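Coordinates in review
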Amino acid sequence: TRKIKIFGDGSRKKDYIHVSDAASLCLKVAQYKSNDIFLGVQGHSISNLEVASIIKNYLKNISIEFEGEDKSDSYYYNNKKLKETLKFTPQA
């Protein structure tokens, strides 16, 4: 049986961005008029369990298993600069 292994209870959150949005953002930044730094983030964080559940919806016959502890921090980012300066909002 195929499985997704999640450490802890899956509640740790991260800010994921879809690969198509990451590619679009790279093009947008490359065309920007000056050298600057932008966070390539969605602007909201989701849990590892939510990500695993999304994957499970696409890959049938796969289970989600929990193991050990996850003492890592959750991450939350503000993408206001990205939205305002580049007029870019991730779509996926």
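I will try to describe carefully the structure that is included in this document. (Residues numbered from 1 in each chain as written. Predicted model: local features only at pLDDT ≥ 70, side-chain atom pairs only at ≥ 80, totals over all residues. Heavy atoms only, no water.)

1. Quick word on the nonpolar core
Residues Leu25, Tyr32, Phe38, Leu82, Leu86 and Phe88 constitute the largest nonpolar core, which totals six residues. Excluding residues that lie within four positions of it along the chain, phenylalanine 38 makes contacts with Val29, Tyr32, Lys81, Leu82, Thr85 and Leu86. (Core = buried A, V, L, I, M, F, W, Y, C linked by side-chain atoms within 4.5 Å. Buried < 20%, exposed > 50% of the residue type's maximum accessible area, 1.4 Å probe, protein only. Contact = heavy atoms within 4.5 Å.)

2. Notes on the packing of aromatic side chains
With the rule as written, the count across this model stands at two aromatic pairs. Ring centres of tyrosine 32 and phenylalanine 38 lie 5.6 Å apart, and the angle between their planes is 85°; on these two criteria the pair is classed as edge-to-face. Comparing tyrosine 32 with phenylalanine 38 shows no difference in burial state: the two are buried. Residues tyrosine 75 and tyrosine 77 carry aromatic rings whose centres are separated by 6.2 Å and whose planes lie at 5° to one another, so their mutual orientation is stacked. (Phe/Tyr/Trp six-rings, centres within 6.5 Å; stacked < 30°, edge-to-face > 60°.)

3. Section: the pattern of salt bridges
Taken as a whole and assessed by the stated rule, the structure comprises five salt bridges. Glutamate 67 serves as the salt-bridge partner of lysine 5, at 3.2 Å between the closest nitrogen and oxygen. Of this pair, lysine 5 sits in strand E1 (residues 2-7) while glutamate 67 sits in strand E4 (residues 62-67), and the two are 62 residues apart along the sequence. Lysine 5 gets classed as partly exposed once you look at its relative accessible area, which sits at 42%. For arginine 12, the salt bridge goes to aspartate 70, with nearest N and O atoms at 2.6 Å. (Salt bridge = Lys/Arg side-chain N within 4 Å of Asp/Glu carboxyl O. Helix = DSSP H or I, 4+ residues; strand = E, 2+ residues; numbered from the N terminus.)

4. What to know about the environment of serine 47
Within the fold, serine 47 resides in strand E3 (residues 46-47). Taking the C-alpha atoms as reference points, serine 47 and serine 34, 13 residues apart in sequence, are found 35 Å from one another. Ignoring any residue separated from it by four or fewer positions in sequence, one finds serine 47 in contact with Gly10, Ser11, Arg12 and Lys13.

5. Describing a nonpolar patch on the surface
Taken together, the side chains of Ile54, Ile55, Tyr58 and Leu59 make up a nonpolar region of the molecular surface, amounting to roughly 420 Å² of accessible area. Tracing the chain through its elements places isoleucine 55 in helix H2 (residues 48-58). A relative accessible area of 36% means that isoleucine 55 is categorised as partly exposed. (Patch = residues over 30% accessible without salt bridge, like charges linked within 9 Å, V, L, I, M, F, W, Y side chains within 5 Å. Areas by Shrake-Rupley, 256 points an atom, 1.4 Å probe, with all protein chains shown as cover.)

6. Describing unusual backbone geometry
Even without a glycine there, the phi angle at asparagine 61 is positive, about 60°. Of note, asparagine 61 is situated in the loop between H2 and E4.

7. A few points about the environment of lysine 71
As for its position among the elements, lysine 71 is in the loop between E4 and helix H3 (80-86). The class for lysine 71 is exposed, based on a relative accessible area of 69%. Sequence spacing of lysine 71 and glycine 8 is 63 residues, and the spatial spacing of their C-alpha atoms is 7.9 Å.

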